[in-house]
Amino acid sequence: MDSGAEGGGYRHVHTQESPPAGPSGPGSPPGSGYSLEGFSVQARADSTGQEGACAQLDEDGDLDVVRRPRAASDTDPAEPQRDKVHPTILTQEEEDFLEARAPESCPQSIIKIEHTMATPLEDVGKQVWQGALFLADYILFRRDLFQGRTVLELGAGTGFASIVAATMAQTVYCTDVGADLLAMCQQNIALNTHLAAAGGGVVKVRELDWLKDKLCTDPEVPFSWSEEDISDLYDHTTVLFAAEVFYDDDLTDALFRTLCQLSRRLKNACTALLSVEKRFNFTLRHLDVTCEAYDHFRSSLHALEKLSDGKLRFVVEPVEASFPQLLIYERIQHLELWKIIAEPIT
């Protein structure tokens, strides 16, 4: 997705057809022959984004380094051809035209996402990150993992990955914290109800604070959980997923604690999918380029593998980034996806 949109216009992502490689790509699991012909994504950005900004220091005094985009000539010519989603900028007039045509074109072909182009650290969930697109590609590839299931997204942000999962899953619990962020997420769900409805699925936006041991059940609190929700969550959930939430060590620790707690409470064995970008920053503390947040994430994965309470064990493995790229974004080598399988010890 193009991050160069200005103001409040929609960024419209078109699909262009490539010669088909067959009903299923190489290595596709059964039933994963998924085509995005006519599929498009619209991302509505607010006016807080700015272009041409000079290099700045972040809140910790670290230098924010902009990575040079990969050249188009870097594409691997041996990679199988497939349908891709190409970004363009829609003017307001084009947006109105698209809205007018929506009933006659296929409404299932469009995803709309309201988001923010630039935010302070505490509001990063309001942006659409490359890791979410990377995870969405894998969700579309592994339809068999999500089809008809109950799934839970942790730190959903704009809700993009949950919306993609809802095209296959029966129930998606889309969770995060902060009333304004959850309201934005709910708005995005409402903009895309046609996608979940087409498959008979439902998306429920709920608050899930990793720093708290219990789910909020106070009916006076927006996005709280009902007892029915909690029972359904623990009785039926089989997949947990999260994208680009590993930027703060304390929050990373909290997420892994939450992951362990949920895995022990779920009645079914579950699979967790974690998408992360290995980001390099120059730090004044080290006077060198480091990737501390990523290193802490990897240490947490290692600790999880060693964790055992006699009832449950966690199998951690990286996912090869060879699955089809159905959305157009810069799939840099520092984007990673990790799979964690929580298995009962027999």
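Every value quoted in this text rests on a predicted model; they were computed, and no experiment measured them.

Here we come to the pattern of salt bridges. Inspection of the entire model under this criterion finds seven salt bridges. Between Arg142 and Asp144 there is a salt bridge whose closest N-O contact spans 2.9 Å. Given a relative accessible area of 30%, Asp144 falls into the partly exposed group. A salt bridge links Lys204 to Asp229, with the nearest nitrogen and oxygen atoms 3.1 Å apart. Of this pair, Lys204 sits in strand S7 (residues 202–207) while Asp229 sits in helix H7 (residues 227–236), and the two are 25 residues apart along the sequence. The structure contains a network of salt bridges with shared partners spanning Lys204, Arg206 and Asp229.

This brings us to the packing of aromatic side chains. A complete count under the given rule lists 10 aromatic pairs for this structure. Through a chain of ring-to-ring contacts, the aromatic side chains of Phe134, Tyr138, Phe141 and Phe323 assemble into a single cluster.

Turning our eyes to something else, we now look at helix H2 (residues 130–141). Between its terminal C-alpha atoms H2 stretches 17 Å, which fits the 16 Å expected from 12 residues at 1.5 Å a residue. H2 sits mainly inside the fold: 11 of its 12 residues count as buried. Among the residues of H2, Gly131, Ala132, Leu133, Phe134, Leu135, Ala136, Asp137, Tyr138, Ile139, Leu140 and Phe141 are the ones counted as buried. Turning to H2, the residues buried within the fold contact helix H3 (143–146), helix H4 (160–165), strand S8 (237–243), strand S9 (270–277), strand S12 (312–319) and strand S13 (335–344).

A separate point is empty space enclosed by the protein. The final tally for this structure, using the stated rule, is two cavities of 30 Å³ or more. Of the volumes computed, that of the largest cavity is approximately 40 Å³. Surrounding the largest cavity, Ile163, Ala166, Ile189, Asn192, Thr193, Leu195, Ala196 and Val203 form its lining. By residue number, the principal contributor to the lining of the largest cavity is helix H6 (residues 193–198), which donates three residues. Of the residues in the lining of the largest cavity, the class split is six nonpolar, two polar and no charged.

Here the focus is the side chain of Thr175. Structurally, Thr175 is set in strand S6 (residues 171–176). Within the local environment of Thr175, its side chain forms a polar contact with the backbone oxygen of Glu153, the two atoms lying 2.6 Å apart.

A relative accessible area of 4% places Asp229 in the buried class. For the pair Asp229 and Thr217, spaced 12 residues apart in the sequence, the C-alpha separation amounts to 9.8 Å. The contact partners of Asp229, leaving out residues within four places of it in the chain, are Tyr173, Lys204, Arg206 and Ser224.

Another point: the packing of helix H8 (residues 249–265) against helix H9 (residues 292–306). Across the interface, H8 lies against H9 with an axial gap of 10 Å and an inter-helix angle of 25°. Our classification of the angle between H8 and H9 gives roughly parallel. Seen from above, H8 lies across H9 with right-handed handedness. Each of Asp249, Thr252, Asp253, Phe256, Leu259 and Cys260 in H8 lies in contact with H9, whose residues at this interface are Glu292, Ala293, His296, Phe297, Ser300, Leu301 and Leu304. Across the contact of H8 with H9, the residue classes break down as seven nonpolar, three polar and three charged.

It is worth spelling out unusual backbone geometry at this point. Despite not being glycine, Phe223 shows a phi value in the positive range, around 65°. Topologically, Phe223 is positioned in the loop between S7 and H7. For Glu244, which is not glycine, the phi torsion reads 55° and is therefore positive. Here Glu244 shows up in the loop between S8 and H8. Given a relative accessible area of 10%, Glu244 falls into the buried group.

Take the sheet that holds strand S5 (residues 150–153) next. The sheet built from seven strands is open, its strands ordered S7-S6-S5-S8-S9-S13-S12 with mixed pairing. Among the strands making up the open sheet, the edge pair consists of S7 and S12. The mean angle between the axes of side-by-side strands here comes to 20°, regardless of whether they run parallel or antiparallel. In this structure, S5 lies alongside S6, joined through four bridges in parallel fashion. In the strand pairing of S6, Glu153 is matched with Cys174. Of the strands in this sheet, S8, S9, S12 and S13 touch H2, which is tilted by about 55° from S13. Across the sheet, helix H5 (residues 179–191) is in contact with S6 and S7; its angle to S7 comes to roughly 175°.

This paragraph deals with the pairing of S9. Of all eight residues in S9, eight are buried, a share of seventy percent or more. A two-sided burial pattern is seen for S9, the buried positions comprising Cys270, Ala272, Leu274 and Val276 on one face and Thr271, Leu273, Ser275 and Glu277 on the other. At this point the chain moves from S8, through H8, to the parallel S9, and the crossover so formed is right-handed. With eight bridges joining them, S9 and S13 adopt antiparallel strand pairing. Looking at the pairing, Val276 lines up with Glu336 of S13.

Cut-offs applied
Residues numbered from 1 in each chain as written. Predicted model: local features only at pLDDT ≥ 70, side-chain atom pairs only at ≥ 80, totals over all residues. Heavy atoms only, no water. Salt bridge = Lys/Arg side-chain N within 4 Å of Asp/Glu carboxyl O. Buried < 20%, exposed > 50% of the residue type's maximum accessible area, 1.4 Å probe, protein only. Helix = DSSP H or I, 4+ residues; strand = E, 2+ residues; numbered from the N terminus. Phe/Tyr/Trp six-rings, centres within 6.5 Å; stacked < 30°, edge-to-face > 60°. Expected span 1.5 Å × (residues − 1). Contact = heavy atoms within 4.5 Å. 1 Å grid on protein atoms, 1.4 Å probe; cavity = no way out; pocket = protein on both sides within 12 Å on 5 of 7 lines; lining within 4 Å. Points joined across faces, edges and corners; volume = space filled by probe spheres on them. Nonpolar A, V, L, I, M, F, W, Y, C, P; charged D, E, K, R; others polar. Polar contact = N/O pair within 3.5 Å; in protein donor to acceptor, adjacent residues only side chain to side chain. Axes fitted to C-alpha atoms, helices over the stretch in contact; angles between N-to-C directions. Parallel < 35°, antiparallel > 145°, perpendicular 65-115°, else oblique. Left-handed = near helix turned anticlockwise from the far one by under 90°. Pairing = 2+ DSSP bridges. Right-handed = clockwise from strand over helix to strand, strands pointing away.

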